Structure formats: C-alpha cells, structure tokens
Amino acid sequence: MSYWLTLPEHDGMFFGAAAYRAWADDIENGRFADGNLPLWENYGVYVVNLATSGSGAPAYICSKLAGINFKYSALSVLKEKLLELTPAEGSDGSGRNLLWIKLDELGGGMDMNAVRETMHDKVKRLKVTDALRDYAKRVDEVVKLLKRCFQPLISQKEKNQHLNCR
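Residues numbered from 1 in each chain as written. Predicted model: local features only at pLDDT ≥ 70, side-chain atom pairs only at ≥ 80, totals over all residues. Heavy atoms only, no water.

Participant: I'd love a proper account of the environment of Ser2, names of residues and values included.
Facilitator: Topologically, Ser2 is positioned in helix 1 (residues 2–5). What Ser2 contacts, discounting residues up to four positions off in sequence, is Val143, Leu146 and Lys147. (Helix = DSSP H or I, 4+ residues; strand = E, 2+ residues; numbered from the N terminus. Contact = heavy atoms within 4.5 Å.)

Here's what the structure looks like:
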C-alpha cells in the first residue's frame, strides 16, 4: 500500500498525499472557477475516487490479513490506527470517508452545482483546500505507519520477528 501511495507524479497523475495536494493547488489557483470547464469530468472524478477508494480499505486489508494468518496478527492494532487517521462512518470504516462527508458539507463534494458556487468563492475554496491538505497529512502518516509495520515482513531477518505496529 505504501508503494502505491508514494508513486511519483506520472504524466500529470498524482498518487496518495500528492494527489490531495495537487487537487488543493488546482482549487486554490482557481482552475475549477473556469465556467467553461466541465466540472464533473475535471472535479467530480476526484470525489468519486475518494468515495470509492478512500474509505477504510487499508484498515480492512490489515484486518483481513490479521484474520488469515497469525504472522500478521499485529496488524489488528494497525487497523485501529488507520481508522483514526482516515476515519469513515461505521466502526469498521466501511462507510463513507469523513473527508467525503466534509467536502459535501463545504460545497466541494458530489453536487456540481454546489461545487461551482464554492469554486467562485475564495473563502469557501480555502475551506475545501484546508480539508484536502489536512487529509494529505493524514495519508503521509498512514504511509509512515504502513512502512514501519510492514518493513519487518519485507526484510524479515528472523523467522519469528514481530511487527512493530505500535
């Protein structure tokens, strides 16, 4: 997961925290205030990406691994930390990502009429960019946590080495 979340920019595509920062930069620079820009194709797709992959996926994967093989049992601790960093509705993180909910509340979610209005208001835009940049920092923390936890599995020197997920 940390690999995919830290891929470098490629042909204008950004990944992980860099994607949220690039999205925030585009908003801040007024890209989406252009009345000729089709919002759904240029903004809505970001919200859909967040909605379909930004929920509790890392926490879910860690939980499943912990249940499948005792070697990964320490990942159950990681699940809780991941849910703290990237909260979602529901105790298992299976509901809507709280960033998605916040964007909807700020007029930066799925309703393109609200988005158009928000993108023309610098104060409202700033609130959306702040939410995205805060989430980018959270994704950075997720990556650090994943690397710390999974590094022992990648460079396993001892057969019974324990995961450092705390």
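Participant: Residue-level account of the confidence of the model for the protein, with values.
Facilitator: Considering every residue of the protein, the mean pLDDT works out to 86; 86% of them sit at 70 or more. Here helix 4 (residues 57–68) stands out as the element of the protein with the lowest mean pLDDT, 78, in contrast to helix 7 (residues 112–119), whose mean of 98 is the highest. (pLDDT = per-residue confidence, 0-100.)

Participant: So, a nonpolar patch on the surface: which residues are in play, and what are the values?
Facilitator: A surface patch of nonpolar side chains, amounting to about 280 Å² of accessible area, comprises Met1, Tyr60 and Ile61. By secondary structure assignment, the location of Met1 is in the segment before helix 1. Its relative accessible area of 33% is what places Met1 among the partly exposed residues. (Patch = residues over 30% accessible without salt bridge, like charges linked within 9 Å, V, L, I, M, F, W, Y side chains within 5 Å. Areas by Shrake-Rupley, 256 points an atom, 1.4 Å probe, with all protein chains shown as cover. Salt bridge = Lys/Arg side-chain N within 4 Å of Asp/Glu carboxyl O. Buried < 20%, exposed > 50% of the residue type's maximum accessible area, 1.4 Å probe, protein only.)

Participant: Tell me what's going on with the packing of aromatic side chains, and back it up with residues and numbers.
Facilitator: The full count for this structure, using the stated rule, is seven aromatic pairs. Relative to Trp4, the ring of Tyr3 lies with its centre 5.2 Å away and its plane at 85°, an arrangement referred to as edge-to-face. Tyr3 sits in the exposed class, given a relative accessible area of 53%. Aromatic side chains Trp23 and Tyr43 sit 5.5 Å apart centroid to centroid with 65° between the ring planes, which places their arrangement in the edge-to-face category. Of this pair, Trp23 sits in helix 2 (residues 16–28) while Tyr43 sits in helix 3 (residues 39–53); the two residues are 20 residues apart in sequence, bridging distant segments of the chain. By relative accessible area, which is 4% here, Trp23 ends up buried. The ring of Trp100 carries the charged tip of Arg96 above its face, separated from the ring centre by 5.2 Å. (Phe/Tyr/Trp six-rings, centres within 6.5 Å; stacked < 30°, edge-to-face > 60°. Lys NZ or Arg CZ within 6 Å of the ring centre and 35° of its normal.)

Participant: Can you tell me about helix 6 (residues 98–106), naming the residues and giving the values?
Facilitator: Along helix 6, the residues classified as buried are Leu99, Trp100, Ile101 and Leu103. A side-chain oxygen of the first residue of helix 6 lies 2.6 Å from the backbone nitrogen of Leu99; this N-cap is Asn97. (Polar contact = N/O pair within 3.5 Å; in protein donor to acceptor, adjacent residues only side chain to side chain.)

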